[in-house]
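These are the residues of each chain, in order.
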Amino acid sequence: MPLLHSRFWPDSATILERSRGVFISHWEEFMRLRRVSLKSMDPDDIHDLRVASRRFRAILELLYPFAPKGQKTYLRKKVRKLTQVLGGLRNIDEAELFFQSRASGKFSIGSTLCHTLAKLRASEFVRIKKALKEFDQGKMDAMVQEIVAELADASLRKRNGTSLLAYLSEVSIRQYLPIHRLLSSAAIPERRTSRHSLRIAIKKWRYFFEIITQILGCDYTRTLELLKEYQSILGQMNDIAEFELLLAPLKLPREERAKSRALLKAEDARLLACLEELIEHKPLAYTFLL
């Protein structure tokens, strides 16, 4: 059942004004981190940029029905493409940390894997720098401003007959439904695809709550903390899948490949047990402050 809360809600004009402000602030932070990353090429800056790109995509998706079609389609495509490019370096860095942290005892890893990952890492920096330079900030700045200009009362009435508050509630329900459907099978070992879909759905719902916290001025702290718990475990499980894909084409000594696979299998089993316990003791229920 939804959690019901009694409070005074901001009117549509206030919600609209805040939505424009959140949209612009996410875009400006995304562009700031692009400039910083291009200058520093620091892995932490690049990681922050990747997160910022995802947050901007989330607010763009939320306001998608009300934005001009051409601009929103172009922005969605270009930002998503950059997010994907930035993800390669993150996967390699996480793989290095994972295997280095376990390079002792029963599952000791030799130098071949670490050396190979280092070479892959260098090539990712080349790809990222090229993508950052090619990202046409000036053109997209203009598109963002056009979208903001379209987020006016007249255009909202033209595109959507419901109130903004009702629209946000509808989005929340729509984003929770796949979570509800996938939770029952997520802990089954063979359902890796379900866990991948669940991770994405939870991440989208988390970004949604982060955005409407700013727009509606409500407190979703407890919900966000729980979503972060789920996202952390599911994210680590997705990392295992990414590491497997990363290692598959690499030329490694037979023994080192066997040890690497054993490591990944053991970690996946551990995380699956953690997920099962989380689902049992802290189930995800629907909520929307209404």
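Everything that follows concerns the structure shown earlier in this document.
Residues numbered from 1 in each chain as written. Predicted model: local features only at pLDDT ≥ 70, side-chain atom pairs only at ≥ 80, totals over all residues. Heavy atoms only, no water.

1. Topic: the overall build of the protein
- Within the protein, the secondary structure is distributed over ten helices and zero strands.
- Along the protein, helices and strands appear, N-terminal first, in the series α-α-α-α-α-α-α-α-α-α.
- Long-range pairs, those at least 24 residues apart, make up 81% of the contacts in the protein with a sequence separation of at least 6.
- By element, 54% of the accessible surface of the protein is carried by carbon and sulfur atoms, the whole surface being about 15400 Å².
- Mean positive and mean negative side-chain charge positions of the protein (50 and 35 charges, respectively) differ by 5 Å. (Helix = DSSP H or I, 4+ residues; strand = E, 2+ residues; numbered from the N terminus. Contact = heavy atoms within 4.5 Å. Areas by Shrake-Rupley, 256 points an atom, 1.4 Å probe, with all protein chains shown as cover. Lys, Arg positive; Asp, Glu negative; His and termini not counted. Charge placed at Lys NZ, Arg CZ, Asp CG, Glu CD.)

2. Thoughts on the layout of surface pockets
- Considering only enclosed or pocket space, the largest pocket measures out at about 1400 Å³ in volume.
- Elements that contribute at least two residues to the lining of the largest pocket include exactly α2 (43-62), α3 (69-101), α7 (164-183), α8 (192-216) and α9 (221-247). (1 Å grid on protein atoms, 1.4 Å probe; cavity = no way out; pocket = protein on both sides within 12 Å on 5 of 7 lines; lining within 4 Å. Points joined across faces, edges and corners; volume = space filled by probe spheres on them.)

3. With respect to empty space enclosed by the protein
- Across all of its chains, the model carries one cavity of 30 Å³ or more by this definition.
- Looking at the largest cavity, its volume works out to about 70 Å³.
- Every residue along the wall of the largest cavity is listed here: I15, L16, S19, L62, L63, F66, L151, L164, Y167 and L168.
- At the level of secondary structure, the elements contributing two or more residues to the lining of the largest cavity comprise α1 (12-40) and α7.
- Grouping the constituent residues of the lining of the largest cavity by class yields nine nonpolar, one polar and no charged. (Nonpolar A, V, L, I, M, F, W, Y, C, P; charged D, E, K, R; others polar.)

4. A short note on the packing of α7 against α8
- At a minimum axis separation of 9 Å, α7 and α8 run at an interaxial angle of 155°. As summarised for this structure, α7 and α8 are arranged roughly antiparallel, according to the angle between their axes. Of the two possible hands of crossing, α7 and α8 adopt the one that is left-handed. Here α7 contributes L165, L168, V171, S172, Q175, Y176, P178, I179, L182 and L183 to the contact with α8, which in turn contributes S194, S197, L198, A201, I202, K204, W205, F208, F209, I212 and L216.
- Here the residues of the contact of α7 with α8 sort into 16 nonpolar, four polar and one charged. (Axes fitted to C-alpha atoms, helices over the stretch in contact; angles between N-to-C directions. Parallel < 35°, antiparallel > 145°, perpendicular 65-115°, else oblique. Left-handed = near helix turned anticlockwise from the far one by under 90°.)

5. Structural notes on the packing of aromatic side chains
- For the coordinates displayed, the defined rule picks out 16 aromatic pairs.
- Ring pairs connect the aromatic residues Y176, W205, F208, F209, Y220, Y286 and F288, which therefore count as one cluster.
- Residue placement shows K72 over the ring face of Y64; its charged tip is 4.3 Å from the ring centre.
- A cation over a ring is seen here: R76 above Y64, with NZ or CZ 3.9 Å from the ring centre. (Phe/Tyr/Trp six-rings, centres within 6.5 Å; stacked < 30°, edge-to-face > 60°. Lys NZ or Arg CZ within 6 Å of the ring centre and 35° of its normal.)

6. So, unusual backbone geometry
- A positive phi angle, close to 50°, is found at M41, a residue other than glycine.
- If you trace the backbone, M41 turns up in the loop between α1 and α2.
- Classification of M41 by relative accessible area gives buried; the value is 15%. (Buried < 20%, exposed > 50% of the residue type's maximum accessible area, 1.4 Å probe, protein only.)

7. Points about the environment of P189
- By the secondary structure assignment, P189 is in the loop between α7 and α8.
- Filtering out sequence-adjacent residues up to four positions away, P189 remains in contact with R195 and L272.

Interpretation note: all reported values are geometric properties and have no functional meaning in isolation.
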